[in-house]
Every structure is written in structure tokens, then in C-alpha cells.
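Here is how the chains run, residue by residue.
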Amino acid sequence: MNIRRAAAIVTAAVAILFGTASCGIYSFSGTSIQPDVRTITINYFEYKALQVNPTLSNDLTEALRQRFRQMTSLEQVDQEGDLEITGEITGYSVSASSVTAQEVAAQNRLTVTVRVSFMNRKYPEDDFEGSTFSGYADFDSSQSLDAVQSTLCEEIVDKLVEDIFNATVAQW
């Protein structure tokens, strides 16, 4: 009885695998890229926030490029890719996220906001322009931003990259 059940499960899994592989637009990384889309251009994210973080633009741009290298087979080109992502960092701010009974900040929140435009030259119905993505990380108010900034920014960049990736090629 267990052998028949195992064989049925394996057969179903193989059928699903071949069924999704043959349609050509779904991968196990969760992307929905049409088979004739082969290249992507990821432009440098300009820094336009008032408070300055000199490495954030580069960190975000490179992390997004790395995600596409790891999760897709798209060739990255400098211009005129089948897909193109353009963005800018529009916000970088610290605010109190929780307050003690003495009305003193117990935790602070670093928030980064980006505006992203996506162009699909082969399937323009997937385009979007000026979508806002935001990520944040909290830290203890006894710590200075300078002391925790790099760790917080890493965490925030990871979230932003995931959100941008999902919005562009996973279409979640």
C-alpha cells in the first residue's frame, strides 16, 4: 500500500514539474518571466533623500543586480534591456518607534524609501512608474545611528530588494 502511494506521489510531482517547465514562464525561483525576455538593465539608484548615506545608492543597486543574477537567467546589459529598472532613494529618516512611560524614545526606526519604475519592452502591460517601496529597521535608542547604521541598512536593503524583485518579475 505504501509503495503505491509513494509511486502516485512521485508520478504527480513529475507531472507537475514537466507541466510547469513546459509553459516556460514559471521557475522554481518564483519568477514569471516570458521565455523571449532575455536581458535586463538595472540603472544606478540615484540618492535624493535629504539625510545623506554615501554608500546606500551603491549598496541597493548592487544588491538588486546580485538578486537578478542569482534568481534569473537574464543577461544584465548596460542599456536597452528587455526589462529595465530605474529608481531613486527618496527618503532616509530616523523616528521614534516606541516611547517609554516617561515619554522618552525606547526604540528608534530607520526608514528608507525608494521610488521605482519598471519597463518591460516586450510586454508593456507589465510596466509601472513611480511605485514607492519602503523598508525599515528598529534599534535601541541608547545606540547612536552611526553605531548601527551599516547593519540596519543591510537589513533594509534586503527587504527592498525582495519587494522590488517580486514587483517586477515575480509579480506578487
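Reading the values: the criteria
- Sequence positions are assigned chain by chain, starting from 1 and proceeding in written order.
- Under the rules for a predicted model, residues below a pLDDT of 70 receive no local features and side-chain atom pairs below 80 are neither given nor counted, while totals for whole chains, interfaces and linings still include all residues.
- With hydrogens and water excluded, all non-hydrogen atoms of the structure serve as input to the side-chain values.
- The helix and strand labels rest on DSSP assignments: H or I over at least four residues marks a helix, E over at least two residues marks a strand, and numbering proceeds from the N terminus.
- Should any heavy atoms of two residues lie within 4.5 Å, those residues are counted as being in contact.
- Calculation of accessible area relied on Shrake-Rupley with a 1.4 Å probe; when residues are assessed, cover is drawn exclusively from the protein chains displayed.
- In the sections that follow, a salt bridge refers to a side-chain nitrogen of Lys or Arg positioned within 4 Å of a carboxyl oxygen of Asp or Glu.
- Think of it in three bands: residues with accessible area under 20% of the maximum for their type are buried, residues over 50% are exposed, and the middle band is partly exposed, with areas taken using a 1.4 Å probe on protein chains only.
- Only rings of Phe, Tyr and Trp enter the pairing, Trp through its six-membered ring, and a pair is recorded when the two centres are within 6.5 Å. The plane angle decides the type: under 30 degrees is stacked, over 60 is edge-to-face, the rest tilted.
- Two conditions define a charge sitting above a ring: the NZ of Lys or the CZ of Arg must be within 6 Å of the ring centre, and it must be within 35 degrees of the ring normal.
- Lines fitted to the C-alpha atoms define the axes, with helices restricted to the stretch that makes contact. Angles between their N-to-C directions range from 0 to 180 degrees.
- Roughly parallel refers to an angle under 35 degrees, roughly antiparallel to one over 145, roughly perpendicular to one between 65 and 115, and oblique to any angle outside these ranges.
- Each crossing gets its hand from how the near helix is turned against the far one by less than a right angle, where anticlockwise is left-handed and clockwise is right-handed.
- Nonpolar residues are Ala, Val, Leu, Ile, Met, Phe, Trp, Tyr, Cys and Pro. Charged residues are Asp, Glu, Lys and Arg, and all others, Gly as well, are polar.
- In this text, buried Ala, Val, Leu, Ile, Met, Phe, Trp, Tyr and Cys residues form a nonpolar core when linked through side-chain atoms within 4.5 Å.
- The quantity known as pLDDT measures the predictor's confidence residue by residue, on a range of 0 to 100.
- What qualifies as a polar contact is a pair of N or O atoms within 3.5 Å, subject to a donor-acceptor requirement within protein and to the restriction that residues adjacent in sequence count only when both atoms come from side chains.

Draft legend 1. Here's a closer look at the overall build of the protein. Scanning the protein from N- to C-terminus turns up three helices and six strands. Along its sequence from the N terminus, the protein presents helices and strands in the succession α-β-β-α-β-β-β-β-α. Within the protein, residue pairs in contact and separated by at least 24 positions form 64% of the contacts whose partners lie at least 6 positions apart. Accessible surface computed for the protein: about 10,300 Å², of which carbon and sulfur atoms make up 51%.

Draft legend 2. Seen up close, the pattern of salt bridges. The tally for this structure, following the rule as stated, stands at seven salt bridges. Across the pair Lys 48 and Glu 88 runs a salt bridge, and its minimum N-O distance is 3.2 Å. Here the residue Lys 48 occupies a position in the loop between strand S2 (46–47) and helix H2 (56–71), and Glu 88 occupies one in strand S4 (residues 83–99), the gap between them amounting to 40 residues. The exposure class of Glu 88 is buried, given its relative accessible area of 15%. Residue Glu 80 pairs with Arg 121 through a salt bridge whose shortest N-O separation is 3.6 Å. Remark: Arg 121 occurs in the loop between strand S5 (105–120) and strand S6 (128–140) and Glu 80 occurs in the loop between strand S3 (75–76) and S4; sequence separation between them is 41 residues. With a relative accessible area of 58%, Glu 80 lands in the exposed category.

Draft legend 3. Highlighting the packing of aromatic side chains. For the structure on display, the rule yields two aromatic pairs. It is Arg 67 that lies over the ring of Phe 165; its NZ or CZ is 5.7 Å from the centre. Across the ring face of Tyr 136, the terminal group of Arg 109 is positioned such that the distance to the ring centre comes to 3.9 Å.

Draft legend 4. Layout of the packing of H2 against helix H3 (residues 145–170). Axis separation between H2 and H3 bottoms out at 9 Å; the angle between their running directions is 50°. Classified by the angle between their axes, H2 and H3 sit oblique to one another. Crossing geometry of H2 relative to H3 is assigned as right-handed. Where H2 approaches H3, its residues Leu 56, Asp 59, Leu 60, Ala 63, Leu 64, Arg 67, Phe 68 and Met 71 are matched on the opposing element by Cys 153, Val 157, Asp 158, Leu 160, Val 161, Glu 162, Ile 164, Phe 165, Thr 168 and Val 169. Broken down by class, the residue content of the contact of H2 with H3 amounts to 13 nonpolar, one polar and four charged.

Draft legend 5. Spatial organisation of the nonpolar core. With 35 residues, the main nonpolar core has Phe 68, Ile 85 and Val 114 as its most contacted residues. The element that contributes the greatest number of residues to this core is H3, accounting for 11 residues. Ignoring anything within four residues of it in the chain, the contact list for Val 114 reads Leu 60, Glu 88, Ile 89, Thr 90, Ser 131, Thr 132, Phe 133, Leu 160 and Ile 164.

Draft legend 6. Here's a closer look at the confidence of the model for the protein. When pLDDT is averaged across the protein, the result is 85; 77% of the residues are at 70 or more. Averaged over each element, pLDDT in the protein is lowest for helix H1 (residues 2–23) (52) and highest for strand S1 (residues 39–42) (98). Residue range residues 17–29 is modelled with pLDDT below 50. Its contacts to residues more than four positions away, or to other chains, number 12 contacts.

Draft legend 7. How the structure looks around the side chain of Ser 57. Checked against the element boundaries, Ser 57 lands in helix H2. Ser 57 gets classed as buried once you look at its relative accessible area, which sits at 3%. The residues touching Ser 57, leaving out its near neighbours within four places in the chain, are Tyr 44, Phe 45, Glu 46, Tyr 47 and Ile 89.

Draft legend 8. Representation of the environment of Tyr 123. Of note, Tyr 123 is situated in the loop between S5 and S6. Taking the C-alpha atoms as reference points, Tyr 123 and Asp 82, separated by 41 residues in sequence, lie 9.0 Å from one another. Contacts of Tyr 123, omitting those with residues within four sequence positions, involve Gln 34, Asp 36 and Val 37. Among the polar contacts listed, one links the side chain of Tyr 123 to the side chain of Asp 36, at a separation of 2.8 Å.

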